[in-house]
Amino acid sequence: MFPLIVPEHLPFSDFLVSLLLISRFSIFEEIDMEFESSNVSTDSEDVLPFEMDHLPDFVLKKCDEELNETSEKKTKVLALRYMIEEDDIVSGINFEEDFLVQYLRHSKYDVNKALKHIRNYINLRKKRSYMFESLPDNLLSEQLSNKFISIMPKRSPDGCVIVLLQVGKWNLKQLTFDKFMQLNMMLYTQLLRDEMNQINGIRAIYDCKGTSFALLQLCKPQNLYIYNHLLVNCLPTRVKGIHIINESFVVRLVWPVMKQLMSEKLRNRVHFHSNRDLFEYFPPHVLPTQYNGELSDTHLEEGLAWIRKVNNEHKDNPVEGQPNFY
């Protein structure tokens, strides 16, 4: 695979030609993805709610065994603070301890990796400060009213929070790409204030039903790059699965470009599904009825109410970070 060079500005007509050239060998074929077998049992209905106020024993064990969190946690935090003070980009910032622990857990307590991600976060904040602001209430209400983005009220069996993005409901006139990035920054920053999400990670479902040609205008390489950079290189997000359903021609055009931006590890966590295939990862009682699940619109309102609440809290999101919810 040739490396993808992302130009700062690329005319849409040139970008479309590039997409067609890149994907011409696969556009009429099944998207070539390896499906990793699910290690998640989906039989039990004993799943956890999205909103928690404690860490169950299995999560504490995962934090210890997978993330290398030990009794020396405080020592690692102090070591990271020392490196921050010696760094030319992030020195002078008195980061919230919970904020630093997010990055240490994400890096499995590799202090150098944690510092690298914090540097990326601060650099992005300096260059694109608008991304770190909360959304205007009226704009957020419009996006939530049509269920463009939702959080499921129950977690996947492995403890992950489930984020649903119905891409075909994206109102491109109301929600520009910059505002979309602002929405993502707010949502994932606030999700990471929950230790359950720091440790277990996030599974995102992208429903591409109804996506149109107009969406391609936003899928330029520089936009795809910054979206991937935000979620993977700047925020300490453990992306445990990206699940794409109702695959459209837009996905077939964009995927060959997008996958070149991703690490091999992340590419292997991307799955293309039919609605029924989702049950390999998500039991029916954690999915909405539109995907043959059991959650009604009333159930989904819990997650929407949470997004409204944290958008208000995000107005006070300083560069030092915010404390955990509990």
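A quick note: this is a predicted structure, and the numbers were derived from the prediction, not measured.

Parameters at a glance
- Residues numbered from 1 in each chain as written.
- Predicted model: local features only at pLDDT ≥ 70, side-chain atom pairs only at ≥ 80, totals over all residues.
- Heavy atoms only, no water.
- Core = buried A, V, L, I, M, F, W, Y, C linked by side-chain atoms within 4.5 Å.
- Buried < 20%, exposed > 50% of the residue type's maximum accessible area, 1.4 Å probe, protein only.
- Helix = DSSP H or I, 4+ residues; strand = E, 2+ residues; numbered from the N terminus.
- Contact = heavy atoms within 4.5 Å.
- 1 Å grid on protein atoms, 1.4 Å probe; cavity = no way out; pocket = protein on both sides within 12 Å on 5 of 7 lines; lining within 4 Å.
- Points joined across faces, edges and corners; volume = space filled by probe spheres on them.
- Nonpolar A, V, L, I, M, F, W, Y, C, P; charged D, E, K, R; others polar.
- Phe/Tyr/Trp six-rings, centres within 6.5 Å; stacked < 30°, edge-to-face > 60°.
- Patch = residues over 30% accessible without salt bridge, like charges linked within 9 Å, V, L, I, M, F, W, Y side chains within 5 Å.
- Areas by Shrake-Rupley, 256 points an atom, 1.4 Å probe, with all protein chains shown as cover.
- Salt bridge = Lys/Arg side-chain N within 4 Å of Asp/Glu carboxyl O.
- Lys, Arg positive; Asp, Glu negative; His and termini not counted.
- Charge placed at Lys NZ, Arg CZ, Asp CG, Glu CD.
- Axes fitted to C-alpha atoms, helices over the stretch in contact; angles between N-to-C directions.
- Parallel < 35°, antiparallel > 145°, perpendicular 65-115°, else oblique.
- Left-handed = near helix turned anticlockwise from the far one by under 90°.
- Pairing = 2+ DSSP bridges.

Engineer: Help me out: how do you make sense of the nonpolar core in this one?
Structural biologist: When a protein is soluble and globular, its nonpolar side chains tend to lie buried together. Formed by 79 residues in total, the largest nonpolar core has its most connected members in Leu80, Phe95, Ile118, Phe180 and Leu191. With 9 residues, the single largest contributor to this core is helix 7 (residues 177-191). Setting aside anything within four residues of it in sequence, one finds Leu191 in contact with Phe50, Ile151, Val161, Val163, Asn197, Ile202 and Trp306.

Engineer: Help me out: how do you make sense of empty space enclosed by the protein in this one?
Structural biologist: Empty space among the atoms becomes visible once a probe the size of a water molecule is rolled across them. One pass over the structure, following the stated rule, counts 4 cavities of 30 Å³ or more. Lining the largest cavity are 34 residues, with Tyr206, Leu224, Tyr227, Val254 and Met258 sitting closest to its centre. When contributions to the lining of the largest cavity are tallied by element, the ones reaching two or more residues are helix 7, strand 3 (202-207), helix 9 (221-234), strand 4 (239-245) and helix 10 (249-261). At 6 residues, the largest contribution of residues to the lining of the largest cavity is made by helix 9. Partitioning the lining of the largest cavity into residue classes produces 28 nonpolar, 6 polar and no charged. Computed from the structure, the second largest cavity encloses a volume of approximately 80 Å³. Lining the second largest cavity are Phe99, Gln102, Tyr103, Tyr121, Thr189, Leu192, Arg193, Leu235, Pro236, Asn317, Gly321 and Gln322. For the lining of the second largest cavity, the leading source of residues is helix 4 (residues 97-106), giving 3 residues. In terms of residue class, the lining of the second largest cavity is built from 6 nonpolar, 5 polar and 1 charged.

Engineer: Can you walk me through the packing of aromatic side chains in this structure?
Structural biologist: Centre-to-centre distance and the angle between the planes together describe a pair of aromatic rings. Going through the model one piece at a time under the given rule, you end up with 13 aromatic pairs. Arranged with centres 5.5 Å apart and planes meeting at 40°, the rings of Phe180 and Tyr227 form a pair that is tilted. Separated by 47 residues along the polypeptide, Phe180 in helix 7 and Tyr227 in helix 9 bring together distant segments of the chain. Here Phe180 matches Tyr227 in class, with each residue buried. The rings of Phe95, Phe99, Tyr103, Tyr121 and Phe132 are connected pair by pair, giving a single aromatic cluster.

Engineer: I keep staring at a positive patch on the surface and nothing clicks. Help me out?
Structural biologist: A cluster of like positive charges, contributed by Lys108, Lys113, Lys116 and Lys265, occupies part of the molecular surface. Positionally, Lys108 belongs in the loop between helix 4 and helix 5 (111-127).

Engineer: What is the right way to read the packing of helix 4 against helix 5 from this model?
Structural biologist: Between two packed helices, both the angle of their axes relative to each other and the distance between the axes serve to describe the pair. Two elements in contact, helix 4 and helix 5, have axes whose closest approach is 8 Å; the angle formed by their N-to-C orientations is 120°. Comparing the axis directions of helix 4 and helix 5 gives the class oblique. Our pair here, helix 4 against helix 5, has a crossing hand that is right-handed. Seen from helix 4, the contacting residues are Phe99, Leu100, Tyr103, Leu104 and His106; seen from helix 5, they are Val111, Ala114, His117, Ile118 and Tyr121. For the contact of helix 4 with helix 5, the class distribution of residues is 8 nonpolar, 2 polar and no charged.

Engineer: Teacher, can you tell me more about the sheet that holds strand 2 (residues 161-166) here?
Structural biologist: Hydrogen bonding along the main chain pairs the strands of a sheet, whether they run parallel or antiparallel. Taken in spatial order, the 5 strands line up as 1-2-3-4-5 in an open sheet, and their pairing is mixed. At either margin of the open sheet sits one strand with a lone partner, and together these are strand 1 (149-151) and strand 5 (270-273). Taking each pair of neighbouring strands and ignoring which way they run, the sheet shows an average axis angle of 20°. Where strand 3 and strand 4 come together, 6 bridges link them in parallel fashion.

Engineer: In this structure, what is going on with the pairing of strand 5? I would like to understand it.
Structural biologist: Working note: regular strand, side chains alternate between the two faces of the sheet. Alternating residues of strand 5 divide into Val270 and Phe272 and His271 and His273, and every residue in both groups is buried. Both strand 4 and strand 5 contribute to a ladder of 4 bridges, which runs parallel. Following the sheet pairing, His243 is matched in strand 5 by His271.

Honestly, it's all geometry; don't read function into it.
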